[in-house]
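Descriptive analysis of the structure
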Amino acid sequence: EVQLLESGGDLVQPGGSLSLSCAASGFTFANFVMSWFRQAPGKGLEWVSALSGDGLTPTYADSVKSRFTISRDNSRNTLYLQMDSLRGEDTATYYCAALLGATTAVAFWGQGTLVTVSS
Amino acid sequence: EIVMTQSPATLSVSPGEIATLSCRASQSVSVSLAWYQQEPGQAPRLLIYGASTRATGTPARFSGSGSGTEFTLSISSLQSEDFAVYYCQQYKTWPTFGQGTKVEIK
């Protein structure tokens, strides 16, 4: 059974930093492009970032570019998201996701971790 | 950025009836279109990809159609577990989502 388990969500002050992790199991992690999505409270879904299976090709939404860094450790089957210079508008549930083949459709979603940016 | 627009925002349907949800793209996405279901407090779940291909585990009462800029998700004979929010997503370019359609019990 595929499982994606996020952790690291917390309350952080504006301008602060936070690191999220996503532990994957039940599939060959290194073979999948992995991604982060987010959903602000009561709102829709937004793509944040994606990373190729070899970890060499990251991409970012304009809203987080230069503030967030995606990475992965294929030996630990874990995806990371380092979030710096956090803003109120970054408040959301962050979902880890495994993408479907060569597309950016999401095959598998984690259950999410809540990040709240507030003073 | 490709903008996805879903209609209606809310759809009231009785159990056993058919629900038809629409999704429009601001420019052609060919068939690079997925549908997701999200129940309250849960993560989304992939239902349809390639505009019309059911994902593993998606019941046959869910069907997707369309290409280019106009897409439809149909749910025949609505079951209690189908009352949820549904999102369309294009993946022709980096992904963007519609704002969602809430299917509620009439």
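That block above? That's the structure.
Keep in mind the model is a prediction, meaning the values are calculated, not measured.

With respect to the element layout, A:Leu56 can be found in the loop between β5 (45–51) and β6 (58–60). When the C-alpha positions of A:Leu56 and A:Arg72 are compared, they lie 9.6 Å apart, and in sequence the two are 16 residues distant.

Using the criterion set out here, one finds two disulfides over all chains in the structure. Two residues share a disulfide in this structure: A:Cys22 and A:Cys96, whose sulfurs sit 2.1 Å from each other. One quick way to see it: the torsion about the S-S bond of A:Cys22 and A:Cys96 is about -70°, and its sign makes the bridge left-handed. In this pair, A:Cys22 is assigned in strand β3 (residues 18–25) and A:Cys96 in strand β9 (residues 92–99), connecting sequence segments 74 residues apart. Classification of A:Cys22 as buried rests on a relative accessible area of 0%. Residue pairing for B:Cys23: its cysteine sulfur links by disulfide to B:Cys88, the two sulfurs lying 2.1 Å apart. With the S-S dihedral at roughly 75°, the linkage between B:Cys23 and B:Cys88 falls on the right-handed side. Of this pair, B:Cys23 sits in strand β3 (residues 19–25) while B:Cys88 sits in strand β9 (residues 85–90), and the two are 65 residues apart along the sequence.

A few words now on the interface of chain B and chain A. Tallying the contact residues gives 16 residues for chain B and 19 residues for chain A. With both sides pooled, the region where chain B packs onto chain A buries about 1,400 Å², and carbon together with sulfur makes up 68% of that total. The three residues of chain B that bury the most area against chain A are B:Pro44, B:Trp94 and B:Phe97, which together make up 37% of that side's buried surface. Here chain B is connected to chain A by five residue pairs in polar contact (both at pLDDT 80 or more). At the level of elements, β4 (33–38), β5 (45–49) and β9 of chain B are the ones that each hand at least two residues to the side of chain B that touches chain A. Residues belonging to the side of chain B that touches chain A are distributed by class as follows: eleven nonpolar, four polar and one charged.

Conventions adopted
- Counting restarts for each chain, with residues numbered from 1 along the sequence as it is written.
- Labels are handed out in written order, letters beginning with A for the chains and numbers beginning with 1 for the ligands.
- With pLDDT at 70 or above as the cut-off, local features in this predicted model cover only qualifying residues; side-chain atom pairs require 80 or more to be listed or tallied, and sums for whole chains, interfaces and linings still use all residues.
- Side-chain metrics in this entry use all non-hydrogen atoms of the structure; hydrogen atoms and water are not considered.
- Secondary structure is summarised from DSSP: a helix means a run of H or I of at least four residues, a strand means a run of E of at least two, and numbering begins at the N terminus for each.
- Throughout, a disulfide means two cysteine sulfur atoms within 2.5 Å of one another.
- Note on exposure labels: buried denotes an accessible area under 20% of the residue type's maximum, exposed denotes more than 50%, and partly exposed covers the range between, all computed with a 1.4 Å probe on protein chains only.
- By definition, residues are in contact when any of their heavy atoms lie within 4.5 Å.
- Note: buried area is the sum, over both parts, of the accessible area (probe 1.4 Å) each one loses when the two are combined.
- Pairs of N or O atoms are called polar contacts if they sit within 3.5 Å, as long as, within protein, a hydrogen donor faces a hydrogen acceptor (for residues adjacent in sequence, only side-chain-to-side-chain pairs).
- Residues are sorted three ways: Asp, Glu, Lys and Arg are charged, Ala, Val, Leu, Ile, Met, Phe, Trp, Tyr, Cys and Pro are nonpolar, and all the rest, Gly among them, are polar.

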